[in-house]
Each structure stands twice: as structure tokens, then as C-alpha cells.
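# Working through the structure, step by step
If you want the building blocks of each chain, they are given just below.
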Number of protein chains: 2
Amino acid sequence: MASPSKAGAPHRVRLNRERVLATAIALADAGGIESLTMRRLGEELGVEAMSLYNHIANKEDLLTGMIDAVFAEIELPSHSDNWKAALRKRSVSFRDALSRHPWATALKDSGTNPGPATLRHHDRVIGTLRNGGFSIALAAHAFSAVDSYIYGFAMQEKSLPFTTDEEAATMAHLMLAQLPANEYPYLAELTAEYVLRPGYNYGNEFPFGLDLILDALERARDAQPAG
Amino acid sequence: MASPSKAGAPHRVRLNRERVLATAIALADAGGIESLTMRRLGEELGVEAMSLYNHIANKEDLLTGMIDAVFAEIELPSHSDNWKAALRKRSVSFRDALSRHPWATALKDSGTNPGPATLRHHDRVIGTLRNGGFSIALAAHAFSAVDSYIYGFAMQEKSLPFTTDEEAATMAHLMLAQLPANEYPYLAELTAEYVLRPGYNYGNEFPFGLDLILDALERARDAQPAG
DNA sequence: GAGTTCTCCTTACGTCGTAAGCTTATGGTG
DNA sequence: CACCATAAGCTTACGACGTAAGGAGAACTC
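A quick note: this is a predicted structure, and the numbers were derived from the prediction, not measured. (Residues numbered from 1 in each chain as written. Chains lettered and ligands numbered in written order. Predicted model: local features only at pLDDT ≥ 70, side-chain atom pairs only at ≥ 80, totals over all residues. Heavy atoms only, no water.)

### Re the domain arrangement of chain A
Residue and element names in this part refer to chain A.
- By domain assignment, chain A separates into domain 1 (12-56), domain 2 (57-159 + 201-223) and domain 3 (165-194).
- Between the C-alpha centres of domain 1 and domain 2 there is a distance of 27 Å.
- Contacts between domain 1 and domain 2 engage 14 residues on the former and 13 residues on the latter.
- Summed over both partners, the interface of domain 1 with domain 2 buries about 1,100 Å², with 73% contributed by carbon and sulfur atoms.
- Among the residues of domain 1 in contact with domain 2, Ile25, Ile33 and Ile56 are the three that bury the most area, contributing 40% of the side total. (Domains from an automatic or database assignment. Contact = heavy atoms within 4.5 Å. Buried area = accessible area lost by both parts, 1.4 Å probe.)

Structure below.
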């Protein structure tokens, strides 16, 4: 029943690095990074696991390539916007990318050398700051602060054991029932009166911290010796 | 040949969950989380791998327990300090803990339910903010912003492929030589004139972002409708 | 069209987490 | 003290993992 070829022409679709990476990303998106195995990836591509090694060096190379592909999805800061607007846009885009590919957040460590898309991204962010009047040192500080926030936020978001608002509410109710309110009174209060409010969604916390940092960076920039 | 016992008294040292967790943490600290296998952990404890299952449910349970042990190491915010000083101290302590146990940063996701030390920690942080005059909503915002920053910073720090300053310098020189300066001019500039400066250490970036956020939170607190 | 190279497959190895079932040590009863 | 239930540890085994080695066939080069 599974005899696809048209007329005696099996003619397999050739593999290449891009197809391998794209399929690997799709698999990781769908089932989490732990569901991405060489055998399953091969299966998805209609090929045996070992054939993949003609296009990638090993699994770490695969993961590195996936990370770089995620970075390629991030909207680069536009040089026509002012630094703050540009940085804000790319930060939201960054968060969106990490949210679409939650496995990417945790994978940063295994990654050794950044790929070209990653380098390009970093270069443009630093360039935006420098052109916006940040000294080298302050640009380095700012870069670290903003990206740490984004990474950390994405990680916390991913670690939540629910996705939709209803799931969140159910989960919060459960937790609230479980945790002894007199042992963790503040946690209980916050859960009951904030998390359980209809429409609560942790993802909505993102802009607060982002703008907090961007506004503070603007003040730090203006306080510089003079650009 | 393998008859170790001294004088008819083999008398194995009994295992327990604490010893298992402590040894697992030591192993992960020393060789990275990927070097922590049930067999190696058993070996370290003078026991077969399967014996560990008398004290932990499975590997995920082990990892969850390890995370909670890390949280237990974090200095809780003191109620006698003002909120900002208290939060700053615990944030530095938090970063130190994640720096001592880099594997903990990435493990957050696998962790499903937080342990008691984790809950206690969260409760105290929220309590510090509430007593410091933060509304419930603002406390939630602040908690998210600060902890996202800390997590993200720890993750970036861990992902650096070097530890000591000299290693960093060597690596930066290498990278600088590799990356085409005209393709990534801003990155090259920052590397050459900031990262390669003697005494540079990425870890030193931490206080900048932390104080940036804490100061901004203070302003946000003071701008509240009135506490 | 002959030779070379690249792609893909088969088989196999060592390592992982852990299920099942055994043996031995421990500690509570008479 | 003897007795024995329970808990702690050991042995063996299974299926999944990443990937080394080497062979078969297709696709390009000249």
C-alpha cells in the first residue's frame, strides 16, 4: 500500500543539510527536544539514521545548526528606527522565536561556536546600540542585560507546566489546594488574587520587564560622560 | 578475590535520599550533567545502579531533587533589610548558586513540580516585595523581571566556552582572528576593545543589569497609586 | 563509458534508563 | 534468643540511544 513511486522510478528525493535541519526543528517543536533522535529524524525523512551523517557531522552539529536557524528567524534591528524602538522590536521577535522553539533556550549551552546567523544578529544589536550613542562599555552592559532577560524569560515561560489559560487556571487551583496556605502565605495570595484572575497569562509579563530595562538603559545612556 | 570485608563485618554504609542527592550534585558539578548516569552514581556510592531506585523514583525525580537542593542553598531575603537590599543580596546569592551548579540552569524545564525549598524561596521573595510596598500585580511583575534576568544571565555565563580570564582572552583572540572584521564590524570592535581588555570577565556584567532592574523597580514602586 | 565520488543502507558496539525477580541485611516481635 | 516481615541491595535483561565500519548503487566527471 505504501508504494509511492510513479512508474518504476523510485528516485528518492535527495537529502541536504537544510532539509535535515528544518525537519529536525519541526520534530523538536512538535515533541520536545528529547523526542528528536537520529532514528526518528531519519524516519521522518524517509531515510535510515546513518544516512543523515552525510549531511551533518554528528548530533551536536545538528543542534548547533538548529540554533543558528532559530537565530535566522529573529527580526534584525532596523537601522532606520531609533535604537530603542529597534531594540524593542527585535527583542519581541527574539522572544517569539524562543517561544516557537522552546528547546532552543536550553540548547544554548551545548552549542559551542555560534553560527553565521547568530553572529550577524549580535553584530546588528551591538551596532544599533553604538549608533544610538552608547559607549562600547555601556553597549556591552546593555546587550548582556537585555539578552539575559529575554533568555531567562523564555526559560521560565517554557518551564511552566501548561500552555493555555484554562490549563493555567486548573493548574493554579490545584497548586493552591495543595500548598499549605499558612506555610507559603505570600505565594498563596499571589496565586489566588493574581494568577487565578481570568485572562492571566504569564507571557503577558514580558513587556513589563523589557520596557523596564529599555527605559533604564535610556537613562544610563543619557547619563554618559557625553557621546 | 573481591572479598573486601574486614573481619566478617561487611556492614555497608546505608544509602538514603540525601546521600544520593548530594553525590549526584557533586558528580554533575564536576563533570557536567551529561556525566551523571545512574551507573556512575551508583559506582560513586559503592552500590549498583538499581539500588538507587530504593531511594528515588526515577531519574527525573533525582533531577528534581537536585534542583530543590540548589534552591536550598540560596540565601533567603532577610525581613530586617529593606526590600531592595534584601532582594539584592538574595539575587547575588542566587546567581552564585547557579554559578556553582551550572547544570541547574538548564534543568528547570524538566522539573515539573517545585520542591519545598523552591516554594519557600519564592514565598519569601514575594513577601519581601509585598512588605516593601509593592502591590500584588507589581510584585508579580518584579518577581518575573528579576528572576528572568538572573536565570538568563546564568545561562549565558554557562554557555561561554571558557572559565578563566586567560582562557577568555585566548578564545577572544581566536574568534577575532576567525570572524571577518568587515562582516561583523561592531562585534569585532567590541571584542577587540572591550572583551580583550585585561581583567575582562563576563561575570562582572551581572551587577550592572541587576542594579538597573532594582533601581527601575524602585521607581515603579514609587509611582504606584499609593501604598 | 570508465572511473570516481557521493549517497544511502546494513550490521554491530557500547551506553543509557529501568523492569523483574532474586538474595541478603535490618529491626520489630514473641 | 529465635523468628520473620520488610526494606535494601544485586543480577540479569530489554529496548532505545549515538555512531563506527564497510558495502551497494546512483550520479557526476572526463
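### Things to note about the protein's contact with DNA strand C
- Close contacts around DNA strand C come from 20 residues, with Glu48 and Ser51 of chain A together with Arg39, Tyr53 and Lys59 of chain B the closest.
- Within 4 Å of the protein, the atoms of DNA strand C are drawn from sugar and phosphate moieties in a proportion of 54%.
- Contact distances for DNA strand C include 3.5 Å between a phosphate oxygen and a side-chain N or O atom of Thr37 of chain B.
- One nitrogen or oxygen atom from the side chain of Tyr53 of chain B is found 2.7 Å from a phosphate oxygen belonging to DNA strand C.
- The leading source of residues in the surface near DNA strand C is helix α2 (residues 38-44) of chain B, at three residues. (Near = heavy atom within 4 Å. Polar contact = N/O pair within 3.5 Å; in protein donor to acceptor, adjacent residues only side chain to side chain. Helix = DSSP H or I, 4+ residues; strand = E, 2+ residues; numbered from the N terminus.)

### Section: the protein's contact with DNA strand D
- DNA strand D sits among 18 residues. The nearest are Arg39, Tyr53 and Lys59 of chain A together with Glu48 and Ser51 of chain B.
- Each atom of DNA strand D within 4 Å of the protein was classed as base or backbone; sugar and phosphate made up 53%.
- Within the side chain of Arg40 of chain A, one N or O atom sits 3.4 Å away from a phosphate oxygen of DNA strand D.
- Among the elements that make up the surface near DNA strand D, the one with the highest residue count is helix α2 (residues 38-44) of chain A (three residues).
- The class makeup of the residues in the surface near DNA strand D is seven nonpolar, six polar and five charged. (Nonpolar A, V, L, I, M, F, W, Y, C, P; charged D, E, K, R; others polar.)

### Quick look at the relation of the copies chain A and chain B
- Overlaying chain A on chain B yields an RMSD of 0.1 Å, the required transformation being a rotation through 180° with an accompanying axial translation of 0.0 Å. Expressed as a symmetry operation, the mapping of one chain copy onto the other fits a two-fold axis.
- Most of the interface of chain A is mirrored in chain B: 100% of its interface residues are interface residues there too. (Least-squares fit on C-alpha atoms with pLDDT ≥ 70 in both.)

### Examining the UniProt feature "domain: HTH tetR-type" (unreviewed entry) in chain A
- The UniProt entry lists residues 14-74 of chain A under the feature "domain: HTH tetR-type" (unreviewed entry), expressed in the numbering used here.
- End C-alpha to end C-alpha, residues 14-74 of chain A measures 29 Å, and it is 61% helix and 0% strand. (UniProt positions renumbered as here; feature names shortened; annotations may be inferred.)

### A closer look at the interface of chain A and chain B
- Every contact between the two is made by 50 residues of chain A and, on the other side, 50 residues of chain B.
- Taken together, both faces of the contact between chain A and chain B bury some 4,700 Å²; the carbon and sulfur share is 70%.
- For the pair chain A and chain B, the interface holds two salt bridges.
- The closest approach of N and O atoms between Glu189 of chain A and Arg130 of chain B, which form a salt bridge, is 2.9 Å.
- Across the contact surface, chain A and chain B share 14 residue pairs in polar contact (both at pLDDT 80 or more).
- Those elements that provide at least two residues to the side of chain A that touches chain B are α5 (103-107), α6 (116-131), α7 (136-159), α9 (185-195) and α10 (206-222) of chain A.
- Ranked by residue count, the leading element in the side of chain A that touches chain B is α7 of chain A, at 18 residues.
- In terms of residue class, the side of chain A that touches chain B is built from 26 nonpolar, twelve polar and twelve charged. (Salt bridge = Lys/Arg side-chain N within 4 Å of Asp/Glu carboxyl O.)

### Let's talk about the pattern of salt bridges
Residues and elements named next belong to chain B.
- One pass over the structure, following the stated rule, counts 20 salt bridges over all chains.
- With a closest N to O distance of 2.9 Å, Asp81 and Lys89 form a salt bridge.
- When its relative accessible area of 26% is taken as the criterion, Asp81 is described as partly exposed.
- Salt-bridge contacts for Arg88 lead to Asp211; the nearest nitrogen and oxygen are separated by 2.7 Å. Of the two residues, Arg88 sits in helix α4 (residues 83-100) while Asp211 sits in helix α10 (residues 206-222), which places them 123 residues apart along the sequence.
- Relative accessible area serves as the criterion here: at 30%, Arg88 is assigned to the partly exposed category. (Buried < 20%, exposed > 50% of the residue type's maximum accessible area, 1.4 Å probe, protein only.)

### Examining the packing of aromatic side chains
Residue and element names in this part refer to chain B.
- Inspection of the entire model under this criterion finds 16 aromatic pairs over all chains.
- A centroid spacing of 4.8 Å and a plane angle of 80° characterise the contact between Trp83 and Phe134, whose relative ring orientation is edge-to-face. Placement of Trp83 in helix α4 and of Phe134 in the loop between α6 (116-131) and α7 (136-159) is noted, with a sequence separation of 51 residues between them.
- We classify Phe134 as buried; its relative accessible area is 1%. (Phe/Tyr/Trp six-rings, centres within 6.5 Å; stacked < 30°, edge-to-face > 60°.)

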